[in-house]
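Each chain is listed here by its residues.
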Amino acid sequence: MQKPEANTAASNSIDLTHVQSEFLSGVSHQLRTPINAILGLTHLALAQADSEQQRQYLVNIQSTSRQLMHSVNNLLDLSRLEQGTLELVPANFQLKSLLDDVTQDVITRLGKRAVEFTLTTDERIPAALNGDASRLKQLINCFIDNAIKFTQQGEIRLQVRMAARNRKSIRLHFILEDTGSGLPPGLGMALFRNSEKTLEAGSSENQKKGIGLRIARLLAQLMNGDAGIITPQSPGAAFWFTVQLRPAQTAEHSCTEHWSGQKNLSVRDDSDHQASIAEVLPPRRRPLPGAGTSIELLMADLQQRLLLEDFSCLELARRYAVALENYLGTDAIRLRSALHDFDFTRARLILDDHRDARSDW
C-alpha cells in the first residue's frame, strides 16, 4: 500500500508536468506569429533586394527564422504529445512519394559534405498505405536531423522493412544508421526521456538530441509503435523505430465535419494572427483566380505559391476551401493542418501525394 506522502509526490509531479506543458504550448503559440511575420517580410524584401550583400543578409535572416520556427514547432508538438492532445489525421498516401521527398531534403541539406545517403526499402511493402503521412515524415526527420548534425563524413543509411501484415494493419520497421560521432557509453534510452539529469553524462552535443528523440519516440508510440537504440557501434549510431499503418482505403470518408461547415479555411481564429497575415501579403501580388477557374489550374496555382513560400497561398486556401475539400477529400484535413503550422513543404507533399494517388486510379 502506497504511503500518503508518495501519493502526494506523484500528484504534484503530474501537476507540474501539466503546468510545464501548458506553459510550452502558450509560449509556442505566442512566438509563432512574430516569427511568421519575419519570414513573410523577409520573403518580400528578398524580391526587392538591390545588391548581393543585401540578399545574403536576408537569406541568413530567413534561414535563422526557419530554424527558430522549427524549434518552436518542436516545443508545441512535445507539449501536445505529453498532454495527449496531438491527434493523427489518417489518409491514403504513397510511401514512395514520402520517401522521395525525405531523400531530396537530405541531399539538399548535406550539400557538398562528404556524406553518402542510401535508402533501402522492402519490396513487400504496398505502394499505397493509410496513415498520417505528415507525422510519419516528421518522425523520420527527427532521426535524420541528428544523423545530419553529427555526421561530417561517411554514410547515413535508412532501411524500411515490413515487420508484420494482416488484413487490417501493416507494421513497418525503420533502421537509421550513421557514421557520425556516436553515443557515449551508458547513455542509452535516456536520450528518449525528457529529463536534463539523464543527459548530464553526455556532451552538449548529445543534450541537443534529447527533444528531437523524445518527440520521435512519442510519435512512434502514438502510431502504435516504439523507438530505441541499436547496440552502440563505432563509429556512429544506429536507431530503430516501428509504426503501425493500414492498407490504403478504397473509399474515403467525407471530411465535412472537420471543416465545421465553414465556407472558408480558418488557419487560426485570433484576429491578431489574421492581421499579421495581411501585413506580410505583398501589396501587388498575383491576383487570386476567379470563380470560373478549373480545379486543375487552382491546384497548380496553389502548388506554385507553396513552392515560392508565398504567403498568399493562405488566402487562396481560405477563399476556395469548399472547392479544395470537394477535390482533396480527407487530404483537405491534412492540408489544413499543414497550413495551420505554416509548413509549406508538408503542404506540397500532401498535394503531391494526392496527385500521385489520382493518377493511379
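Thresholds applied
Residues numbered from 1 in each chain as written. Predicted model: local features only at pLDDT ≥ 70, side-chain atom pairs only at ≥ 80, totals over all residues. Heavy atoms only, no water. Helix = DSSP H or I, 4+ residues; strand = E, 2+ residues; numbered from the N terminus. Buried < 20%, exposed > 50% of the residue type's maximum accessible area, 1.4 Å probe, protein only. Contact = heavy atoms within 4.5 Å. Areas by Shrake-Rupley, 256 points an atom, 1.4 Å probe, with all protein chains shown as cover. Salt bridge = Lys/Arg side-chain N within 4 Å of Asp/Glu carboxyl O. Pairing = 2+ DSSP bridges.

Looking at the overall build of the chain
Then, number 1: The number of helices and strands found in the chain is 11 helices and 7 strands.
Then, number 2: Within the chain, the fraction of its 361 residues that count as buried is 47%.
Then, number 3: The long-range share in the chain, meaning contacts at least 24 apart out of those at least 6 apart in sequence, stands at 74%.
Then, number 4: Surface exposure of the chain reaches about 19,000 Å², of which carbon and sulfur atoms provide 52%.

With respect to the pattern of salt bridges
Then, number 1: For the structure on display, the rule yields 11 salt bridges.
Then, number 2: Here Arg157 makes a salt bridge to Glu177, at a shortest N to O gap of 3.4 Å. Pair noted here: Arg157 is in strand β4 (residues 153–165) and Glu177 is in strand β5 (residues 170–178), with a separation of 20 residues, a long-range link.
Then, number 3: In this structure Glu177 comes out as buried when scored by relative accessible area, which is 15%.
Then, number 4: The residue Arg217 makes a salt bridge to Asp226 at a minimum N-O spacing of 2.8 Å.
Then, number 5: For Arg217, a relative accessible area of 22% translates into the label partly exposed.
Then, number 6: According to the relative accessible area criterion, Asp226 is partly exposed, its value standing at 24%.

A few points about the pairing of β4
Then, number 1: Across 8 bridges, the pairing between strand β2 (residues 114–121) and β4 is parallel. Note that in β4 the partner of Leu119 across the bridge is Leu158.
Then, number 2: In this structure, β4 lies alongside β5, joined through 9 bridges in antiparallel fashion. Among the inter-strand pairings, Arg157 is bridged to a residue of β5, identified as Glu177.

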